[in-house]
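# What the coordinates show
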Amino acid sequence: MAKRGPVRIGIAGLGRLGKRHATNLAYRVPGAVLAAACSPVDEELDWARETLAEPRLYSDYEAMLADRELDAVWLVTPSSLHADQIVAALRAGKHVFCEKPLSLDVAECERVLAVAREYPHLEATIGFMRRFDPSYRDAYEKAAAGAIGRPFMVRSQTTDQNDPEGFFVRFAPTSGGIFLDCTVHDIDVARWFFGGARATRAFATGTIALHEGLRACGDVDNGVGVVEFEGGRLAVFYASRTMAHGNDTQSEVIGTSGALEIGHDPRKNRVQIYEAGGVRSESTPTFFDRFEDAFLHEANAFVQAVAARLAGGASAAAAGATLADALEATRIGNALRQACASG
Ligand code: NAI
């Protein structure tokens, strides 16, 4: 039955990124009501109680899914939980937004796609937010309009500022490694610009420049990958956890009659500092500072798509990466991880 009114969302996961998504959904997305929040951690529920406008709080995900008022769930939980939690949400009749990656395991991705096919009326989107970054989207639209001829080469990097505390060394064992955690975004960018072309071969290598603690779980802090796609298309990826200056995410798309660069100057804002040593600008410190707008646009698009479905229409807005896109990103990320490990 058609339903008008706001889309009522329950968020699961209130960690580093979940708090940001929760604040966006509660205060910055027209047409959304953040009606519930779920975390197994008491301090995170305290944060929700103090910060969010209208949250019903749950320490158990299944209990939140039983909340009949919720139209959708928003998952910002550890990557190893995504597949089971998406399946449970669909079975409970909820639309789902889930952070990347869909799963670290290709068979698990396939299982989620099979379940989603049983619920074609439910929206299921994976959070590859670069598709909503204004600069990436502008470049995509230019390429789609033929501005650079046929795009055949993508060079793309995700590089984080070095964290001397090594937060990610503790996070690494459940993250899937640098290719599935970081490069997965660049993989999605390449596939997006290549019109969803299928990857055929992957090469990769990596090194530990600073964080020896990664060796125990077989990860690296700097990785390089090359992926061949159907139709003679190529992608070159670089991921790093050890940049001195900040988060430096950038991509280049090269076509037969031109090229587009996206984000090549990682400056934080438009301020230039003139001093005895020269002229400089500060850099974006974290991925969130770089992609704050993209996270917001992503939330708006999902909410509009769900609102259209609730009102009885088809999915109206471009709601981002599909489960099938996310499966391919995991397949390619896994291939890079294997290539790096096996040489
Ligand atoms: P985090 O470890 O800071 O947060 C995870 C949260 O999940 C915590 O609040 C924890 O209490 C909660 N949680 C654990 N088990 C739960 C359960 N059974 N039910 C409900 N909540 C549960 O991790 P972080 O950095 O916030 O990452 C979360 C997800 O977001 C990961 O999948 C990660 O890959 C993704 N991510 C995406 C980024 C992007 O660029 N799009 C950037 C950073 C993270």
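Procedures and definitions
Residues numbered from 1 in each chain as written. Predicted model: local features only at pLDDT ≥ 70, side-chain atom pairs only at ≥ 80, totals over all residues. Heavy atoms only, no water. Salt bridge = Lys/Arg side-chain N within 4 Å of Asp/Glu carboxyl O. Helix = DSSP H or I, 4+ residues; strand = E, 2+ residues; numbered from the N terminus. Buried < 20%, exposed > 50% of the residue type's maximum accessible area, 1.4 Å probe, protein only. Near = heavy atom within 4 Å. Polar contact = N/O pair within 3.5 Å; in protein donor to acceptor, adjacent residues only side chain to side chain. Areas by Shrake-Rupley, 256 points an atom, 1.4 Å probe, with all protein chains shown as cover. Nonpolar A, V, L, I, M, F, W, Y, C, P; charged D, E, K, R; others polar. Pairing = 2+ DSSP bridges. Axes fitted to C-alpha atoms, helices over the stretch in contact; angles between N-to-C directions. Contact = heavy atoms within 4.5 Å. Domains from an automatic or database assignment. Buried area = accessible area lost by both parts, 1.4 Å probe.

This brings us to the pattern of salt bridges. Within the structure shown, the criterion is met by 26 salt bridges. Residue D138 is joined to K142 by a salt bridge in which the shortest nitrogen-to-oxygen separation is 2.8 Å. Residue D138 and its partner K142 are located together in helix α6 (residues 134-144), separated by 4 residues, close to a single helical turn. Assessed through its relative accessible area of 39%, D138 is described here as partly exposed. Given the relative accessible area of 37%, K142 is considered partly exposed. In the salt-bridge network here, residues are joined through shared partners; they are R8, R56, D67 and E69.

Another point: the site of the ligand. If you check the shell around the ligand, you find 25 residues, and the closest are L14, R16, E44, S79 and H82. At 2.9 Å from an oxygen atom of the ligand is found a main-chain nitrogen or oxygen belonging to R16. S39 is positioned such that a nitrogen or oxygen atom in its side chain is 3.4 Å from an oxygen atom of the ligand. Surface burial for the ligand is 85%, taken as the share of its 850 Å² of free accessible area covered by protein chains. Secondary-structure elements contributing two or more residues to the shell around the ligand are α4 (82-91) and α9 (287-310). Among the residues forming the shell around the ligand, the class breakdown is 12 nonpolar, 9 polar and 4 charged.

This part is about the sheet that holds strand β5 (residues 95-99). Strand order in the open sheet formed by 6 strands is β3-β2-β1-β4-β5-β6, and the pairing between neighbours is parallel. Of all strands in the sheet, those with a lone pairing partner are β3 (56-58) and β6 (124-127), marking the two edges. The sheet shows a mean angle of 25° between the axes of neighbouring strands, direction not considered. With 4 bridges joining them, β5 and β6 adopt parallel strand pairing. Bridge pairing links V96 to A124 in β6. Against the sheet, helix α1 (residues 18-27) engages β1 (7-12), β2 (32-38), β4 (72-75) and β5, with an angle of about 165° to β1.

Turning next to the domain arrangement of the protein. Interfaces are often sized by the amount of accessible area the parts lose when they come together. Examined at the domain level, the protein breaks down into domain 1 (7-130 + 291-320) and domain 2 (134-290 + 329-342). Centre-to-centre, using C-alpha coordinates, domain 1 lies 25 Å away from domain 2. Contact residues are listed per partner, giving 20 residues for domain 1 and 27 residues for domain 2. For the pairing of domain 1 and domain 2, the buried interface totals around 2,100 Å² over both sides, and the portion due to carbon and sulfur atoms is 65%. Counting across the domain 1 and domain 2 interface gives 2 salt bridges. K100 serves as the salt-bridge partner of D181, at 3.3 Å between the closest nitrogen and oxygen.

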